[in-house]
Amino acid sequence: MNVLAKKPAPQIEKVKDHVGAIITGVDLTKPMDAETFKTVYDALLENVAIVIRGNVLTPAQYQAAAEQFGELMEDQNRMYLVDGHPLISVLSNRHKASDGKPAKIANNATWHTDHTNQECPPKFTMLYAVELPDTGGGTAVCNMRDAYEALPEDIREKIVDMKTENTLISSARMASANPDIVKVQKASTKPPTVQPLVRTHPETGTKSIWFHKSKTERVIGMEPQETQDFLEDLLEKSIKPEFHFVHEWQVGDMLIIDNRSTMHKAGFDFDKSQHRHLHRILVRGDRPS
Ligand SMILES: [Fe+2]
């Protein structure tokens, strides 16, 4: 082997001006060197979501790749985990709820960010494609930093200091939720977690709209249904085509989403007789402010 052979540099191709980049030429089966990691990390912060393409990874290799980005945290839903890998959860259209019926996954089909009911939600959500339908089932990511900046000033001023109260599932969304989640929420005595509606990115200092409608019991000062209507209206005003993209998956893609400046949603526009099977890892984040 020629030890002087130059390793391939990462190739970065932007998806859109405001959001997304596809990165090839990165071998995730071994640790990235410092220079490669910085290139990848900078691309992540700039483009708010990146796809590292072309790696066939075992769960252990995927977890090792993820750990380079920070301390991992458990998915709060402990029902669907990879055997022997409690920090990797399984996203699948074949999940069953504990009553044996197909699990409801509708709450992931709307724009959201993950685990807002926790004091320190994940800064990065990572998804790795194991098995895919022939077409559809893409994951959409929106740059909520640029979406916020593009709002009229009067709306930005109105929302910038708003706070949300977050629970595992909001009362307004219980009817459409997985019964296992509803049961946990109804038994919970934990007070809602107060989060900013517009959060400041701890590394870049930029502001982003940031919420999970299904977990928002109320915007402080509003009633629950009024809150749902207000947040839906805010999504309509802020999410514009130039700010989001749908990642059309290839097996072996590792999507990394910077949750501090994005919202995302899963796509269910595929043949449900086929299997959409992703592995999710969460990287612990700071207390949002
Ligand atoms: Fe999510």
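Fair warning: this is a prediction, and the values are worked out from it, not measured in the lab. (Residues numbered from 1 in each chain as written. Predicted model: local features only at pLDDT ≥ 70, side-chain atom pairs only at ≥ 80, totals over all residues.)

## Points about the overall build of the protein
Move 1: Regarding its fold elements, the protein presents six helices and 17 strands.
Move 2: Since a compact globule built from 289 residues should have a radius of gyration of about 19 Å, the 19 Å found for the protein is in line with a globular shape.
Move 3: In the protein, the share of contacts with a sequence separation of at least 24, taken over all contacts with a separation of at least 6, comes to 80%. (Helix = DSSP H or I, 4+ residues; strand = E, 2+ residues; numbered from the N terminus. Rg over C-alpha atoms; globule rule 2.2 N^0.38 Å. Contact = placed C-beta atoms within 7 Å.)

## Some points on the sheet that holds strand β14 (residues 244–247)
One key point about sheets: their strands pair by backbone hydrogen bonds, in either a parallel or an antiparallel sense.
Move 1: Spatial ordering of the open sheet is given by β14-β8-β16, a layout of three strands whose pairing is antiparallel. The open sheet terminates on both sides in strands that have one partner only, identified here as β14 and β16 (262–266). Strand-to-strand, the axes of this sheet are offset by a mean angle of 20°, without reference to chain direction.
Move 2: Pairing analysis gives five bridges linking strand β8 (residues 139–143) to β16, with the strands arranged antiparallel. By the bridge assignment, V141 is partnered in β16 with H264. (Pairing = 2+ DSSP bridges. Axes fitted to C-alpha atoms, helices over the stretch in contact; angles between N-to-C directions.)

## Focus: the nonpolar core
Move 1: If you look at the biggest cluster of nonpolar residues, it comprises 51 residues, and the most contacted ones within it are I23, I50, M126 and M254.
Move 2: Top contributing element to this core by residue count: strand β7 (residues 122–131), with six residues.
Move 3: Setting aside chain neighbours within four positions, we find I50 in contact with A21, I23, V40, A43, L44 and I256. (Core = buried A, V, L, I, M, F, W, Y, C linked by C-beta atoms within 7 Å. Buried ≥ 20, exposed ≤ 12 C-beta atoms within 10 Å, placed from the backbone.)

## Quick notes on helix α2 (residues 59–67)
Move 1: Those residues of α2 lying buried are Y62, A65 and A66. Taken down its axis, α2 places every buried residue within 100° of arc, on the same side.
Move 2: On its buried side, α2 packs onto β4 (72–73), β6 (85–92), β7, β15 (254–258) and β17 (277–284). (Arc of directions from axis to C-beta.)

## So, unusual backbone geometry
Move 1: A positive phi angle, close to 65°, is found at V48, a residue other than glycine.
Move 2: Structurally, V48 can be placed in the loop between α1 (34–47) and β3 (49–52).
Move 3: Among the residues examined, V48 registers 29 C-beta atoms within 10 Å and is labelled buried.
Move 4: With a phi close to 60°, H115 is a non-glycine residue in the positive phi region.
Move 5: Of the residues examined, H115 has 24 C-beta atoms within 10 Å and is grouped as buried.

## Overview of the sheet that holds strand β13 (residues 216–219)
Move 1: The antiparallel open sheet is built from three strands, whose spatial order is β10-β9-β13. The open sheet has two edge strands, β10 (193–196) and β13, and neither has a second partner. Across the sheet, the mean angle from the axis of one strand to that of its neighbour is 30°, orientation sign disregarded.
Move 2: Bridge count between strand β9 (residues 163–166) and β10: four bridges; the pairing is antiparallel. Pairing of N166 across the sheet is with T193, part of β10.

## Brief notes about the pairing of β8
Move 1: Of all five residues in β8, four are buried, a share of seventy percent or more.
Move 2: Of the pairings in the sheet, the one linking β8 to β14 comprises four bridges and is antiparallel in character. By the bridge assignment for β14, T139 is matched with H247.

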